[in-house]
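Now for the letters of each chain:
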Amino acid sequence: MRSKYLLLLLAVIFSQYSFSQNAGNLTGIIKDTTENKLVENAVVAIVSQGDSMLLHFTRTAKDGTYSLPGPGAGKYIFMVMHPSFADYVDDITLQDANKKMPLISLTPKSKLLEAIILKTGTPIRIKGDTTIYTADSFKVSANANVEELLKKMPGIQVDKDGKIKAMGESVEKVLVDGEEFFGEDPGMAVKNLRADAVKEVQVFKKKSEQAEFTGIDDGQSKQTINLKLKDNKRSGYFGKIDMAGGLLKNIDDRYNTNLMFSSFKGKRKLSAFILNGNTGQDGLSWQDMEKFGGNDMNFEMTDEGGMMFFSGGGGSSDGEPYINPQNGFITNTNAGLQYNNKWGKNSLNLSPKFNSQVYDNNRTNFLQTQIRDSILNQNSQTQTHINRYNFKTKGTFDLNIDSSNSLKLTLNANIYHTESEERTNSITTGESGNFKNSSDINQQNNSDKQSFSSSLLYKHKFKKDRRTLSVNADLGTLSADAGNFLQQQFTDNQSGVTEINQFKDISNSTSNVATKLVYTEPLTKKFSLEIGHELSYTKGKNNQQTYNFTPATGKFDERVDTLSNNFNQQIVTNKPYAKIAFSSKKIKYNIGMGVGYTHFNLDDISFNKSYVRDFTNLFPSAFLTYIYKSNHSLRFNYNGRTTQPTLNQLQPLRNNNNPYNQYIGNPDLKQSFTNSFNISHNGYDFLKDRWMYQSLNVRMTSNAITNNRILDPVTGFTIIQPVNTGGNYNISFWSGLGMKIKKLDLRMDLNPNINYSKFIEVVNGLETPINNLSTGLRLSFSKSKDKKYDFSIGDNFEYTKNSNSSNNKFAGARNSFITNTLNLNAKVYYKKVWALSSDLEYIYRQKTSDFSQDLTNKLWNARLERTFKKDEFTAYFMVRDILNQNIGITRNFNGINYSEEINDRLQRYFMVGFTWNFKNKAPKAEQK
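Bear in mind the structure is a predicted one, so any value in this text is a computation, not a measurement.

Draft legend 1. Inspection of the side chain of asparagine 820 at higher detail. Examined against the element boundaries, asparagine 820 turns out to sit in strand S43 (residues 814–830). Look at asparagine 820 and you get buried, because its relative accessible area is 17%. Reaching out from asparagine 820, the side chain makes a polar contact with the side chain of aspartate 795 at a distance of 2.8 Å. Non-local contacts of asparagine 820, meaning those with residues more than four positions away in its chain, are made with Asp795, Asn796, Phe797, Tyr842, Ile843 and Tyr844.

Draft legend 2. How the structure looks around the packing of aromatic side chains. Tallying each qualifying case throughout the model produces 25 aromatic pairs. Considering the side-chain rings of phenylalanine 238 and phenylalanine 264, the 5.7 Å spacing of their centres and the 85 degrees angle between planes classify their relative orientation as edge-to-face. With phenylalanine 238 in strand S18 (residues 235–246) and phenylalanine 264 in strand S19 (residues 254–265), the pair connects residues that are 26 residues apart, well separated along the chain. Considered together, phenylalanine 238 and phenylalanine 264 belong to a single accessibility category, that of buried residues. Ring centres of tryptophan 691 and tyrosine 693 lie 5.7 Å apart, and the angle between their planes is 10 degrees; this geometry places the pair in the stacked category.

Draft legend 3. Molecular detail of a positive patch on the surface. On the surface, Lys629, Lys688, Arg690 and Lys742 cluster together into a positively charged patch. If you trace the backbone, lysine 688 turns up in the loop between strand S35 (672–685) and strand S36 (690–702). Here lysine 688 falls in the partly exposed class, since its relative accessible area comes to 46%.

Draft legend 4. Looking closely at the pattern of salt bridges. Taken as a whole and assessed by the stated rule, the structure comprises 22 salt bridges. A cluster of three or more residues bridged by salt bridges with shared partners is formed by Lys173, Glu180 and Lys394.

Draft legend 5. Up close: the side chain of serine 262. With respect to the helices and strands, the residue serine 262 is situated in strand S19. A polar atom in the side chain of serine 262 sits 2.7 Å from the side chain of serine 271. Among all residues touching serine 262, those that are not within four sequence positions of it are Asn192, Gly236, Tyr237, Phe238, Leu270 and Ser271.

The rules we used
Residues numbered from 1 in each chain as written. Predicted model: local features only at pLDDT ≥ 70, side-chain atom pairs only at ≥ 80, totals over all residues. Heavy atoms only, no water. Helix = DSSP H or I, 4+ residues; strand = E, 2+ residues; numbered from the N terminus. Buried < 20%, exposed > 50% of the residue type's maximum accessible area, 1.4 Å probe, protein only. Polar contact = N/O pair within 3.5 Å; in protein donor to acceptor, adjacent residues only side chain to side chain. Contact = heavy atoms within 4.5 Å. Phe/Tyr/Trp six-rings, centres within 6.5 Å; stacked < 30°, edge-to-face > 60°. Patch = residues over 30% accessible without salt bridge, like charges linked within 9 Å, V, L, I, M, F, W, Y side chains within 5 Å. Areas by Shrake-Rupley, 256 points an atom, 1.4 Å probe, with all protein chains shown as cover. Salt bridge = Lys/Arg side-chain N within 4 Å of Asp/Glu carboxyl O. Lys, Arg positive; Asp, Glu negative; His and termini not counted. Charge placed at Lys NZ, Arg CZ, Asp CG, Glu CD.

In structure tokens:
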């Protein structure tokens, strides 16, 4: 950039002559933002982007106007300089020689100096749709990772489970210098990178690859954080070895071992980690939402014809238990490798990972269900043991053939193995305590799953700007094989005692081939047309065979026809669409429509039945972004989409894992349609250091798919079957406001939110509207001084109200309660090498008509540490849950159900640990 200014200065000194005689002019006005005056004698110049050559320059007249010879169509750098004002630099694209530039507003340097004196830097700025945090403006402890840095930044929240929210929305991607880091797991990047290696934290809505290529927003975006590294941190290595342990009486000793290493050299990044422990530490989650490989490896039929095996009534279709990592006891080993490199414009990204878990939990559950004029109460106890592992590998190769053509190849391979055992004892009684039924269920499951997928994207840019062609081809396969042993003994007040001893042989598989062709054409300088066509073919099967145990043979050889089914499906979808887009400096919008023609061929092989269906689905969409002033934008998004029933919702196969709560599919289900609207606003005031955001979301679903509970109030026997209902809708609003209270050097954040939903519960074919309302307000304050103290306090208040309007003796039944969570965090330093940190979370849950007592608990943790050798080594002593109040109790009211669940939790323990944070001495940054 210095060369640009030098070139411009020489040109001003030696000449006032413009050495280009291109026809046309570049005109505009320069203005002072603070005094609302026109700026005279400002130097206005245009520079070529490729070689930074000065093409034309001039000075503004008394009325602030200027006129430059037009350089012709192309991309340029537009510059404005004046001794009293901050320099203005912007990239512009010209379609021809003539262009009237928008009003340019300059900021006086005196105002910038005032802001710098008050703020000692620019902690936040907004560029278009991107919020940019300057990392060094937020002080963290020595050797802190990026997760600790994010917790300091206004508008970003990181909860105790490591889940990240930015501007109220869940972060789905964390990139490093624009590239994926350890796949799409947001937690691994922020835990593996040092905070002092980061120059900027950028928060934005990452558009789909198609939208980034064409420049036409398709509304498919993910909340994303990009970590931009410092120049002098892109070469060298760093890492951490952290080992801790504690001896405990009567339970297993606690331990954690964390090994992390990263080596960066230019464009090559190499990182590895091994985490092992039994404290449920963060970053050890089994879930990793990948294409053709979700948390339970189930498949869902998407609008484009994809398919997901899905189990109604909870759990996976092969009987695998669900794990909530907050509960129970987990011994976990997690390892991964990340390799990324660039050669010119080509790049390779490879991320293999391994995860192993041994999980044990005891769960007690109380469930109360309203059935029109009666109530059922169920009490149950469940013991769960799971031993499982998985291997996951993702690789991406970007090949830029030339300036007009590129290829991107993405490969995924996931392998899972699970062994589990779950035993449940339950008893169901009526409102007066009269016996309905009881059961003793023992399930043993052994399953293997594999998923493989590949995607090839070809992109071509024509010579004419914004004229593009892209072709995307996807191939995915998934297979799952499981063996499930089921032993049951159940008793009801009608049939007496019944025993079951069965084996289920489950085999699921699916494959999908899809291709998408997209062409974009510029219509005018600001308007573009996008047309495309999607074609997909899906083939899948779900085969479950159930066998009773025969004492005479000692084998499972008696086939149970009512619990066995072989079900195949084939789906073909054609989806043409068109979209018109408009783009200017302040306004961008598009509007489009797609039409999907879907053909279903469902074969129930066991019962020799076929279901042939043809659907015509509409996919309207609209998108608008308005930047009404610097650092302030308004965004609107709408899309409509059809959702098809899942395979398990269609397959008429009864799931009898729980004899009194059985699930059966419904082959007569229809598709549902959802309209989704979003309006969001964000802004940042540079001089006042004040930020804000608001977001309103409305989602309406017609012909919604919900479960009909066919329930016998005498025995408590329930059959759940999916049906179509009148419709559901949800309205939610969240907001954030943050500012610096300068006199106190204190930062304040305020986050109000509200959510209202209405959905239909169906019991014995009768519909009951259910209304849910929840509101919340979070207020927090933070203050810190480097190597002195770090303090924050926050309070999160929530009010929840649920009601239904059934016409029975429970008419108008409602439940409202308050939940309040107070957080205190403090860290103080002594002589810069000693530090004492403590955090306290006080949780209050108000009593209700169904739960007669308030529920409160206090989670208090503390840590004492001593650093050595300029913070390279750290010795520490820590205590978790000092008050021994980590209770796993959750209460919920949802529709016709009240529930209270109590799980095992890891309570008070201590550990002594040692950490070595190592890094090479980074080279000095180049002076530019």
